[in-house]
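Understanding the architecture of this molecule
Each chain, written out:
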Amino acid sequence: MMRALKRLSPAARLAWVGLLTVLAGVAFMTWNVRAGWAFTLPFRGEKLVAIALVGYCIAISTVLFQTLTHNRILTPGIMGFDALYLLLQSVLVFSLGNLFYVQINAQLKWLLDVAVMTGAVCALYYWLFVRQRRDLHLLVLVGLIFGVLFRSFTSLITRMMDPAEFDALQDVMFASFNQIDGSLLGISLLVAAIVSALLWRARYAYDVLNLGDDPAITLGLDQRTLVMRTLVGIAILVSIATALVGPVTFFGLLVANLAYALAGTHQHRYVLPLAGLLATAILIGGQAILEHLLHFGTGLSILIEFGGGLFFILLVIRQGRRS
Amino acid sequence: MIEIRNLSKRYGDSTVIDNVSLDLADAGITAIIGPNGAGKSTLLGMISRLQSIDAGTVHIDGLDITATPSMTLARKLAILRQENQISTRLRVIDLVTFGRYPYCKGRPGPEDLEQVQRALAFLNLDDLAQRFLDTLSGGQRQRAYIAMVLCQDTDYVLLDEPLNNLDMKHAVDIMQLMQRASQAMGKKVIIVLHDINFAACYADDIVALQNGKLAFQGHPEALITADKMKALYDIDMTIERFKGRPIGLYYA
């Protein structure tokens, strides 16, 4: 069977994963329907779209981030995205108070989240990459340090909070696929679609970038511009996913590496859609099984982080052995 | 012709390339030699726009490299640097096909694939075309990279110490290949070499760098002499003749 799998063309592999995704979607929509269809379809449909969008954003941003950094155990999370998100939430809760935070206009908060996270990356990027002409690795390192700083600020603020406020904050500190605000879906989808279309145009250039920065320049790629644009795209996608469900760290690592293994090619025109579909299939399938087979309300994100974390350790050990 | 004028590069306080002006005329093979830290790789990196220029200019066939679009330069000049680490698993044929990117932008047509086949054949890689790079020996991998560079179909081919980590046979193979490429395909090969005797045997023009400055430039016959080698490498060398070329003996 393994041999038959090896012979499959990348397009066929993509089709199989696509089929798997559709099956997961159908299972999620139709399993255990107790209320009428008129209620169930829109109710679950909204959740389905939201989960698919989050999975997609995380997968695409991770694959591209790994292509930019030439490193397969990094995720955009290392730049301190989730830390910034948490800091923003704790500042909001702390300054506005618990009640106001819960009642805050969802669209407005979404806009604020996405704008702050994307803006922070662009500012950092502009400072180091454009003004100082430093390279991407320094940018990632500085992002890492900022992440630690943000986390420390967050813990300082949480220490000064009263317990009720801390309770409200606790809700957003872990990713949750159950409390997605449907009113944010439209705008999130639109932005993700535009960003994806722009990124997709560079799919062949990303293959060249995989060779390394010097070979890419030798082959005529405007590497700095490509890295800059892609980084902004990644920031937007990560912000969308984080603003919808909260911080998810290891999941991208899991799907990106699974996608590389399953795609059987280095070409981004296969790896990117495959990673997106795979992420969707895993999240939706996992949610369906958790909700309907195991009757779990929450906890998918915890399971995914657990699986992803184990996978991460495995990757590190394997890489260590190879070198 | 590559014209280099008043080129300088500094890292902090240390000047790596110090006001170098020289012409790399259209000789078949130009060798760049010099002791460690003379700035050979940096010079090559600056000529090929991989490293930024602090002062001075580089013109390739009249094109200012800082003002010319990267894609235009990619059809004029190809460079292979010392360390090539690829984060994905690639087959030889995929790597070589990347050499066509400046022309096909990732969608190779029949003409591109023909060029790829020709480059593979030129480097005797036909049988290895479907192998993954990480399953090849050092010499085979170096040949695959050179095939990619040749596939880019540029007038100028720059190689930064391509003989590193190769045994004698493979090193000679590579040098003979480059000689054939320059004679049969009309390529202008500019190559950084550690072993002066490879430069003496194969180069039509030698550029010697020392402490970031141009020390000598000329034909091996004029350049490989005991005096100049003493001045360049601070080592006593006996110059003998081998197949009509000067050869330096310095092993004891």
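Residues numbered from 1 in each chain as written. Chains lettered and ligands numbered in written order. Predicted model: local features only at pLDDT ≥ 70, side-chain atom pairs only at ≥ 80, totals over all residues. Heavy atoms only, no water.

Let's shift gears to the domain arrangement of chain B. A common way to state how big an interface is: give the accessible area lost once the parts meet. Residues and elements named next belong to chain B. Domain boundaries in chain B define domain 1 (1-76 + 156-170 + 187-252) and domain 2 (87-153). Distance from the C-alpha centre of domain 1 to the C-alpha centre of domain 2: 26 Å. Counting residues at the interface gives eight residues for domain 1, matched by 11 residues for domain 2. Both sides of the domain 1 and domain 2 interface together cover about 940 Å² of buried area, and 63% of this is carbon and sulfur. Taken as a group, Met-71, Arg-75 and Lys-187 account for 47% of the area that domain 1 buries against domain 2, more than any other trio of residues on that side. If you look at where domain 1 meets domain 2, you find one salt bridge. Here Lys-187 ties to Asp-153 by a salt bridge, and the two come within 3.7 Å at their closest N and O atoms. Here domain 1 is connected to domain 2 by three residue pairs in polar contact (both at pLDDT 80 or more). Here the side of domain 1 that touches domain 2 is composed, by residue class, of five nonpolar, one polar and two charged. (Domains from an automatic or database assignment. Contact = heavy atoms within 4.5 Å. Buried area = accessible area lost by both parts, 1.4 Å probe. Salt bridge = Lys/Arg side-chain N within 4 Å of Asp/Glu carboxyl O. Polar contact = N/O pair within 3.5 Å; in protein donor to acceptor, adjacent residues only side chain to side chain. Nonpolar A, V, L, I, M, F, W, Y, C, P; charged D, E, K, R; others polar.)

Our next topic: the pattern of salt bridges. Residue and element names in this part refer to chain B. Considering all chains together, one arrives at 17 salt bridges over all chains under this definition. Between Asp-26 and Lys-188 there is a salt bridge, with the nearest N and O atoms lying 3.9 Å from each other. With Asp-26 in the loop between strand 2 (14-24) and strand 3 (29-33) and Lys-188 in strand 8 (residues 188-192), the pair connects residues that are 162 residues apart, well separated along the chain. By relative accessible area, Asp-26 is classed as partly exposed at 45%. Residue Lys-188 is classed as buried on the basis of its relative accessible area, which comes to 18%. Linking Asp-155 and Lys-76 is a salt bridge whose minimum nitrogen-to-oxygen distance equals 4.0 Å. Of this pair, Asp-155 sits in the loop between helix 6 (138-151) and strand 7 (156-160) while Lys-76 is found in the loop between helix 2 (70-74) and strand 6 (77-80), placing the two residues 79 residues apart along the sequence. The structure contains a network of salt bridges with shared partners spanning Asp-61, Lys-76 and Asp-155. (Helix = DSSP H or I, 4+ residues; strand = E, 2+ residues; numbered from the N terminus. Buried < 20%, exposed > 50% of the residue type's maximum accessible area, 1.4 Å probe, protein only.)

Okay, the packing of helix 3 (residues 37-69) of chain A against helix 13 (residues 251-263) of chain A next. Residues and elements named next belong to chain A. Running from N to C, helix 3 and helix 13 cross one another at 70°; their axes reach a closest spacing of 8 Å. With respect to their mutual orientation, helix 3 and helix 13 come out roughly perpendicular. The chirality of how helix 3 crosses helix 13 is right-handed. Taking contact as the criterion, the partners of Gly-55, Ile-58, Ala-59, Thr-62, Val-63 and Gln-66 in helix 3 are, on helix 13, Phe-251, Gly-252, Leu-253, Val-255, Ala-256, Asn-257 and Tyr-260. Counted by class, the contact of helix 3 with helix 13 contains eight nonpolar, five polar and no charged residues. (Axes fitted to C-alpha atoms, helices over the stretch in contact; angles between N-to-C directions. Parallel < 35°, antiparallel > 145°, perpendicular 65-115°, else oblique. Left-handed = near helix turned anticlockwise from the far one by under 90°.)

With that out of the way, let us pick up the packing of aromatic side chains. Counted by the stated rule, this structure contains four aromatic pairs over all chains. Ring geometry for A:Phe39 against A:Phe43: centres 5.2 Å apart, planes inclined by 15°, an arrangement best described as stacked. One end of the pair is A:Phe39 and the other is A:Phe43, both in helix 3 and four residues apart, which spans about a single turn. A:Phe39 gets classed as exposed once you look at its relative accessible area, which sits at 52%. For A:Phe43, a relative accessible area of 48% puts it in the partly exposed group. Where B:Tyr250 meets B:Tyr251, the ring centres are 4.5 Å apart and the plane angle is 25°; that geometry is what we call stacked. Judged by relative accessible area, which is 61%, B:Tyr251 ranks as exposed. Here B:Arg180 stacks its cationic end above the ring of B:Phe122, 4.6 Å away from the centre of that ring. (Phe/Tyr/Trp six-rings, centres within 6.5 Å; stacked < 30°, edge-to-face > 60°. Lys NZ or Arg CZ within 6 Å of the ring centre and 35° of its normal.)

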